[in-house]
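Observations on the model geometry
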Amino acid sequence: MTKQFLSQFKVGFIGAGNMSQSIISSLLHSQILPKQNIFLSNRSEKKLKKISEELGVQAVSSNEELVENSHVVVIAVKPQDLNDAIETIASAFNEKQIVISLAAGLPLEKLKKIVPQVKNWVRVMPNTPVSIEKGVIGYCLLNESEATSALVESLFSASGVVEKVDEGEMFEALMVATSSGVGFVYEIMLYWQEWLEEHGFTPEQSRRLTVQTFLGSSLLAEVESHKSLEELQNKVASKKGVTASGLDSMRELEIERAIRYSFEKAVLRDRELAKY
Ligand SMILES: NC(=O)c1ccc[n+]([C@@H]2O[C@H](COP(=O)([O-])OP(=O)(O)OC[C@H]3O[C@@H](n4cnc5c(N)ncnc54)[C@H](OP(=O)(O)O)[C@@H]3O)[C@@H](O)[C@H]2O)c1
């Protein structure tokens, strides 16, 4: 979608929290949308004033007014606040609008029940690296539409890699691997850091070396995308060498099984939360 075409759209964000701020910053930074096309509402007025001034976007004092004046509405409140934010103003939405929910654990069928006239409900799952435009953004649609997909991909492409998935197993897997996944990666990075500290490095040195190892490995895999991860791993691990010995132990200890088990547990928790 061209920037010129996108600039016809008015996009309203309900909730001026971390996610909205990151997504709006990326949209402005990449010049996907001009400031005057972005509208923002929030529960507390003080925060609305502060954030809208910082970002230079249009502050709107009520969610209803924002919905009435936007072609695309992004609902970026905590899942437990979503009902309060839109139930009483459900009649303000129209069937041509694209309505995007970022709320974790709220399936499309539930969203449709709150505002049934909206045909283009979209569920989006971003992760925290969207704040540096290196996120993973998964999305699924209530009703298939190429035009809606193209718009969602254009809006979120500035924040990272955008992936369309089916709701259900794929969406759950994406959420656990990429959104919760950020927390799991930090858990593993902590093991690296602590081990270095135990071997004489200061906490600052250990953090720096750990971050650079993960960053370097990821960037190398990105630059050499024609090679499989296994090939890149084999480059470090010569037969009976130091790395190979460590890898053998990792496999003997069944680290993969522990990680898979943790992922499955996280999926079960997501299903439990979706029931409420
Ligand atoms: N952060 C993540 O890593 C992440 C990842 C994936 C998905 N998400 C989803 O993204 C959504 C937003 O998360 P966040 O981290 O940005 O949350 P956040 O920083 O807590 O921001 C939520 C914002 O919503 C506002 N709000 C609450 N009720 C409202 C209402 N009725 N009308 C207007 N504004 C209202 C809050 O206002 P006040 O502060 O004034 O109360 C707050 O500014 C959540 O649904 C979350 O599940 C987040």
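Structure shown above.
Residues numbered from 1 in each chain as written. Predicted model: local features only at pLDDT ≥ 70, side-chain atom pairs only at ≥ 80, totals over all residues. Heavy atoms only, no water.

1. Comments concerning the nonpolar core
For soluble globular proteins, the rule of thumb is that nonpolar side chains tend to be buried together. Ranked by size, the top nonpolar core spans 35 residues in total, and within it Phe 13, Ile 100, Val 124 and Phe 156 carry the most contacts. When near neighbours in sequence (up to four residues on either side) are disregarded, Phe 13 contacts Ser 20, Ile 23, Ile 24, Leu 27, Ile 38, Phe 39, Leu 40, Ser 41, Leu 66 and Val 74. Residues Leu 82, Ala 85, Ile 86 and Ala 90 belong to the second largest nonpolar core, which totals 34 residues. (Core = buried A, V, L, I, M, F, W, Y, C linked by side-chain atoms within 4.5 Å. Buried < 20%, exposed > 50% of the residue type's maximum accessible area, 1.4 Å probe, protein only. Contact = heavy atoms within 4.5 Å.)

2. Points about the site of the ligand
The environment of the ligand is formed by 24 residues, the closest being Asn 42, Arg 43, Ser 44, Lys 47 and Val 77. Between the ligand and Arg 43, the relevant distance is 2.8 Å, taken from an oxygen atom to a side-chain nitrogen or oxygen of the residue. A distance of 3.0 Å separates a nitrogen atom of the ligand from a polar atom in the side chain of Asn 63. In the complex, 83% of the free accessible area of the ligand, which totals 900 Å², lies under the protein chains. Every element with two or more residues in the shell around the ligand is listed here: helix 2 (18-29), helix 5 (79-86) and strand 6 (120-126). Broken down by element, the shell around the ligand gets its largest block of residues, three residues, from helix 5. The class makeup of the residues in the shell around the ligand is 12 nonpolar, eight polar and four charged. (Near = heavy atom within 4 Å. Polar contact = N/O pair within 3.5 Å; in protein donor to acceptor, adjacent residues only side chain to side chain. Areas by Shrake-Rupley, 256 points an atom, 1.4 Å probe, with all protein chains shown as cover. Helix = DSSP H or I, 4+ residues; strand = E, 2+ residues; numbered from the N terminus. Nonpolar A, V, L, I, M, F, W, Y, C, P; charged D, E, K, R; others polar.)

3. Regarding the packing of aromatic side chains
Throughout the structure, instances matching the rule amount to three aromatic pairs. Relative to Phe 9, the ring of Phe 5 has its centre 5.7 Å away and its plane inclined at 70°; by these criteria the two rings are edge-to-face. Both rings, one in Trp 192 and one in Phe 214, keep their centres 5.0 Å apart while their planes meet at 70°; by these two values the pair is edge-to-face. With Trp 192 in helix 8 (residues 169-198) and Phe 214 in helix 9 (residues 203-223), the pair connects residues that are 22 residues apart, well separated along the chain. (Phe/Tyr/Trp six-rings, centres within 6.5 Å; stacked < 30°, edge-to-face > 60°.)

4. Brief notes about the side chain of Thr 178
Among the structural elements, Thr 178 can be located in helix 8. Of note is the side chain of Thr 178, whose polar atom sits 2.7 Å from the backbone oxygen of Leu 174. The residues touching Thr 178, leaving out its near neighbours within four places in the chain, are Asn 127 and Val 136.

5. Side note on the sheet that holds strand 1 (residues 11-14)
The sheet built from eight strands is open, its strands ordered 3-2-1-4-5-6-7-8 with mixed pairing. Every interior strand has two partners, whereas the edge strands, strand 3 (58-59) and strand 8 (160-164), have only one. In the sheet, strand 7 (residues 135-141) pairs with strand 8 via five bridges, with the strands oriented parallel. The partner of Tyr 139 across the bridge, within strand 8, is Lys 164. Across the face of the sheet, helix 3 (residues 45-55) comes into contact with strand 2 (38-41) and strand 3 while running at roughly 160° to strand 2. Contacts between helix 8 and the sheet are confined to strand 6, strand 7 and strand 8, with strand 6 contributing the most and set at about 30° to the helix. (Pairing = 2+ DSSP bridges. Axes fitted to C-alpha atoms, helices over the stretch in contact; angles between N-to-C directions.)

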